[in-house]
Amino acid sequence: MKLIFLGAPGSGKGTQAEVVTNKYGIPSVSTGNILREAVKNGTKSGLEAKKYMDAGDLVPDSVVIGILKDKIAGDDCKNGFILDGFPRTVAQAEALEEMGVEIDKVVNISVADEKIAGRMGDRRVCQDCGASYSVTYKPPKAEGVCDSCGGKVAQRDDDKPETVKSRLAIYHDKTAPLIGFYEKRGKLVTVEGQEEIADTSKLVFAALE
Ligand code: ADP
Ligand code: ZN
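Draft legend 1. Up close: the nonpolar core. Residues Leu83, Leu96 and Tyr182 are the most contacted members of the largest nonpolar core, which totals 27 residues. The set of elements that each furnish at least two residues to this core consists of strand 1 (2-7), helix 3 (44-55), helix 4 (61-72), strand 3 (81-84), helix 5 (90-98) and helix 8 (177-184). In terms of residue count, the dominant contributor to this core is helix 4 (6 residues). Those residues in contact with Leu83 that lie beyond four places of it in its chain are Leu3, Ile4, Phe5, Val29, Leu68, Ile72 and Leu96. The next biggest cluster of nonpolar side chains, apart from the first, holds 14 residues, and it includes Phe5, Ala17, Val189 and Phe205.

Spelled out as structure tokens, the structure:
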């Protein structure tokens, strides 16, 4: 099974991708997590990506496409995968088609703009494994400590209010066109993001049946 999770930053797509990963046992590939890891490790692509990420801009297609291609060629992805945060531009979606990747479904998680800022303010992430948390809806069992790896859970720099607005504008400009792109291909299913994580998951599972 090859899936794409589409949605605005803070829509909950990463959280839902994790839920689906656990249920179906296929890995979720988050380009955001891969890039943050690369920044942390100071790799060449990490150094290049950092300035864009800090500003809330998209990392150039050429960088992200290269990273994604390497990742899905890995052994763990041979039975399928969930793409979380890729593609984010039409050029990335076209690159995926050129790679010959056949996507089964694209799950579009829809959340009104007015709710996004609050969700991003609430969001926390494990700095070691990338697991996502929410102060209100999914706090770690021990404050500031990741349930799955014991790493430090903190707010991402780009989730601070200054960058949230521009990330949302970039989403509408560059990523939202993918809704029509996949609709045309008959792949799109849209799920309304709910307040509670489990309520959204129910709709996601129903959409995947
Ligand atoms: P969110 O979904 O909350 O925006 P992500 O963790 O998916 O967060 O992405 C964080 C940042 O990483 C983005 O703002 C962008 O700078 C970069 N990034 C992640 N995926 C891509 C991609 N497919 N194309 C370009 N930039 C990306
Ligand atoms: Zn962790």
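Draft legend 2. Here's a closer look at the sheet that holds strand 6 (residues 132-134). Strand order across the open sheet formed by 3 strands is 6-5-7, with antiparallel pairing between neighbours. Strands with a single pairing partner mark the edges of an open sheet, and in this sheet they are strand 6 and strand 7 (153-154). Across 3 bridges, strand 5 (residues 123-126) lies against strand 6 in antiparallel orientation. Looking at the pairing, Val125 lines up with Ser132 of strand 6.

Draft legend 3. Looking closely at the sheet that holds strand 4 (residues 105-110). A sheet is described by the order of its strands in space; here 5 strands give the open sequence 2-3-1-4-8, paired in parallel fashion. Each edge of the open sheet carries a strand with a single partner, namely strand 2 (28-30) and strand 8 (188-192). Taking each pair of neighbouring strands and ignoring which way they run, the sheet shows an average axis angle of 25 degrees. Bridge analysis of strand 1 against strand 3 gives 4 bridges, and the strand direction is parallel. Directly across from Ile4, in strand 3, lies its bridge partner Leu83. On the sheet, helix 1 (residues 13-24) packs against strand 1, strand 2, strand 3 and strand 4 and is oriented at approximately 155 degrees with respect to strand 1.

Draft legend 4. Representation of the coordination of the zinc ion (ligand 2) in the model. At the metal site, the zinc ion (ligand 2) is ligated by Cys126 (SG), Cys129 (SG), Cys146 (SG) and Cys149 (SG), and these contacts range over 2.3 to 2.4 Å. With 4 donor atoms in place around the zinc ion (ligand 2) and angles of 99 to 115 degrees between them, the coordination shape is tetrahedral. For Cys129, a relative accessible area of 38% translates into the label partly exposed. Since its relative accessible area comes to 40%, Cys149 is described here as partly exposed.

Draft legend 5. Spotlight on the packing of aromatic side chains. By the definition in use, this model includes 2 aromatic pairs. Ring plane angle 75 degrees and centroid distance 5.0 Å describe the contact between Phe181 and Tyr182, whose orientation is recorded as edge-to-face. Here the two residues Phe181 and Tyr182 agree in accessibility, since each one is buried. Lying over the aromatic face of Phe205, Lys23 brings its terminal NZ or CZ to 4.1 Å of the ring centre. Note that Lys138 overlies the ring of Tyr133, its terminal NZ or CZ placed 5.2 Å from the centroid.

Draft legend 6. Representation of the environment of Arg88. Looking at where Arg88 falls in the secondary structure, it is placed in the loop between strand 3 and helix 5. Look at Arg88 and you get partly exposed, because its relative accessible area is 26%. Put simply, Arg88 and Pro177 are 89 residues apart on the chain and 9.2 Å apart in space, counted from C-alpha to C-alpha. When neighbours within four sequence positions are excluded, Arg88 is seen to be in contact with Lys13, Leu58, Lys174, Thr175 and Leu178.

Draft legend 7. A look at the pattern of salt bridges. Counted by the stated rule, this structure contains 12 salt bridges. Salt-bridge contacts for Asp159 lead to Arg123; the nearest nitrogen and oxygen are separated by 2.9 Å. On the criterion of sequence distance, the pair formed by Asp159 in the loop between strand 7 and helix 7 (161-175) and Arg123 in strand 5 is long-range, its members being 36 residues apart.

Draft legend 8. Examining unusual backbone geometry more closely. Following Phe86, the chain continues into Pro87 via a peptide bond in cis, with omega recorded as -5 degrees. Within the fold, Pro87 resides in the loop between strand 3 and helix 5.

Draft legend 9. Region of the structure containing the packing of helix 5 against helix 8. Where helix 5 meets helix 8, the axes come as close as 9 Å, and the angle between the chain directions of the two elements is 30 degrees. Facing Val90, Ala93, Glu94, Leu96 and Glu97 of helix 5, the residues of helix 8 in contact are Pro177, Leu178, Phe181 and Tyr182. Partitioning the contact of helix 5 with helix 8 into residue classes produces 7 nonpolar, no polar and 2 charged.

Conventions and cut-offs
- Residues numbered from 1 in each chain as written.
- Chains lettered and ligands numbered in written order.
- Predicted model: local features only at pLDDT ≥ 70, side-chain atom pairs only at ≥ 80, totals over all residues.
- Heavy atoms only, no water.
- Core = buried A, V, L, I, M, F, W, Y, C linked by side-chain atoms within 4.5 Å.
- Buried < 20%, exposed > 50% of the residue type's maximum accessible area, 1.4 Å probe, protein only.
- Helix = DSSP H or I, 4+ residues; strand = E, 2+ residues; numbered from the N terminus.
- Contact = heavy atoms within 4.5 Å.
- Pairing = 2+ DSSP bridges.
- Axes fitted to C-alpha atoms, helices over the stretch in contact; angles between N-to-C directions.
- Donors = N, O, S within 2.8 Å, 3.2 Å for Na, K, Ca; no water.
- Tetrahedral: all angles 85-135°; square planar, octahedral: opposite > 155°, others 65-115°.
- Phe/Tyr/Trp six-rings, centres within 6.5 Å; stacked < 30°, edge-to-face > 60°.
- Lys NZ or Arg CZ within 6 Å of the ring centre and 35° of its normal.
- Salt bridge = Lys/Arg side-chain N within 4 Å of Asp/Glu carboxyl O.
- Nonpolar A, V, L, I, M, F, W, Y, C, P; charged D, E, K, R; others polar.

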